[in-house]
Amino acid sequence: IAGITQAPTSQILAAGRRMTLRCTQDMRHNAMYWYRQDLGLGLRLIHYSNTAGTTGKGEVPDGYSVSRANTDDFPLTLASAVPSQTSVYFCASSREGLTDTQYFGPGTRLTVL
Amino acid sequence: AQSVTQLDSQVPVFEEAPVELRCNYSSSVSVYLFWYVQYPNQGLQLLLKYLSGSTLVKGINGFEAEFNKSQTSFHLRKPSVHISDTAEYFCAAIKITSGTYKYIFGTGTRLKVLA
């Protein structure tokens, strides 16, 4: 079934540890996005990629990095996790730009202690 | 100032009653507007979007929204809700800053449909 997969589903992490959240799509979409969802704040864009090989910063990029080596994968890395990065993380993709429908993955619930 | 504002954090409504979820946008965003729905423990799903043309936009599951430029609003409506419509609803817009385009979401409205 076509769509977006994210791994892991949930994770508890000690502060200071490095963590990579994985995101893979099989729709051959050019654009991909990472959001974090926090209660009362809605979704906030962390990083995005308009096409393979390019990335850009969203609203809240500090403490996160991304790479886009190919069309399908868009991993998000926390180099040294802090408790304020406790959140639910959603990956999304769209065929081309932002006016296209975004398709969301099921999310990763991350707790940093 | 918030670019996309959803004033109602929660909206309870009885089954088969009409509902309106409010969304206002600021002049700092474009008039590309979206409504997404998030069911419990799931990702977001597009309900409808306004890019141009007719100001009344029809979406999935019987929802519709009206773009009102003079009131800078994009309220979501459904004439008769079902229990299955219980979910969180997000309004979103595209913000253009220095030639870059980014998605901005509102804080969400939790719709609770009561039997």
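Counting from 1, residues in each chain are numbered in the order their sequence is written. As a convention, the first chain written is A and the first ligand written is 1, with the rest following in written order. Local features in a predicted model are, by the rule used here, given only for residues with pLDDT of at least 70; side-chain atom pairs are given and counted only at 80 or more, and totals for whole chains, interfaces and linings are based on all residues. Hydrogens and water are ignored here; the side-chain numbers use all heavy atoms of the structure.

S.K.: For this particular structure, what's the right way to read the sheet that holds strand 8 (residues 76–78) of chain A?
M.R.: Strand pairing in a sheet relies on backbone hydrogen bonds, with the paired strands running either antiparallel or parallel. All names here are of chain A. Strand order across the open sheet formed by 4 strands is 1-3-8-7, with antiparallel pairing between neighbours. Two strands lie at the open edges of the sheet, namely strand 1 (4–7) and strand 7 (64–66), each paired on one side alone. Averaged over all adjacent pairs, the angle separating strand axes in this sheet is 20°, with direction ignored. Bridge analysis of strand 7 against strand 8 gives 3 bridges, and the strand direction is antiparallel. Along strand 8, the bridge assignment pairs Tyr64 with Leu78. One bridge is not enough; two strands pair if DSSP finds at least two bridges between them. We count a stretch as a helix when DSSP gives it H or I for four or more residues in a row; a strand needs E for two or more, and each element gets its number in order from the N terminus. Inter-axis angles, ranging from 0 to 180 degrees, are taken between N-to-C directions of lines fitted to C-alpha atoms, where helices are fitted over the stretch in contact.

S.K.: Sorry if this is basic, but what is going on with the nonpolar core here?
M.R.: In terms of nonpolar packing, the biggest core is built from 29 residues, with Trp35, Leu47, Leu48, Phe74, Leu76 and Tyr89 of chain B touching the most fellow members. When contributions to this core are tallied by element, the ones reaching two or more residues are strand 2 (10–14), strand 3 (19–21), strand 5 (29–38), strand 6 (44–50), strand 8 (64–68), strand 9 (73–78), strand 10 (87–97) and strand 12 (109–114) of chain B. What is meant by a nonpolar core is a set of buried Ala, Val, Leu, Ile, Met, Phe, Trp, Tyr and Cys residues, joined one to another through side-chain atoms within 4.5 Å. The buried label goes to any residue with under 20% of its type's maximum accessible area, the exposed label to any with over 50%, and the partly exposed label to all in between, with areas taken from a 1.4 Å probe on protein chains only.

S.K.: How should I be thinking about the side chain of Ser87 of chain A in this particular structure?
M.R.: All names here are of chain A. Tracing the chain through its elements places Ser87 in strand 9 (residues 87–94). Using a relative accessible area of 6% as the deciding quantity, one classes Ser87 as buried. A distance of 2.8 Å separates a polar atom in the side chain of Ser87 from a polar atom in the side chain of Asp38. Every residue pair with non-hydrogen atoms within 4.5 Å of one another is taken to be in contact. Sequence-distant contacts of Ser87, that is, excluding residues within four places in its chain, are made with Arg36, Gln37, Asp38, Thr108, Arg109 and Leu110. We define a polar contact as two N or O atoms separated by no more than 3.5 Å, with the added condition that, inside protein, one atom must be a possible hydrogen donor and the other a possible acceptor, whereas residues neighbouring each other in sequence contribute only through side-chain atom pairs.

S.K.: What is the right way to read the interface of chain B and chain A from this model?
M.R.: When the parts of a complex come together, some accessible area is lost, and that lost area is often used as the size of the interface. Contacts between chain B and chain A engage 20 residues on the former and 20 residues on the latter. Buried area: the accessible area, evaluated with a 1.4 Å probe, that two parts lose upon being put together, summed over both parts. Counting the surface lost from both chain B and chain A, the interface buries some 1600 Å², and carbon and sulfur atoms represent 61% of this. Put simply, a salt bridge is a Lys or Arg side-chain nitrogen that is within 4 Å of an Asp or Glu carboxyl oxygen. Counting across the chain B and chain A interface gives 0 salt bridges. Applying the counting criterion to the chain B and chain A interface returns 3 residue pairs in polar contact (both at pLDDT 80 or more). At the level of elements, strand 5, strand 6, strand 10 and strand 11 (100–105) of chain B are the ones that each hand at least two residues to the side of chain B that touches chain A. Take the side of chain B that touches chain A: its biggest share by element is 6 residues, from strand 11 of chain B. Class assignment of the residues belonging to the side of chain B that touches chain A gives a composition of 12 nonpolar, 6 polar and 2 charged. Each residue gets one of three labels, nonpolar for Ala, Val, Leu, Ile, Met, Phe, Trp, Tyr, Cys and Pro, charged for Asp, Glu, Lys and Arg, and polar for the others, Gly among them.

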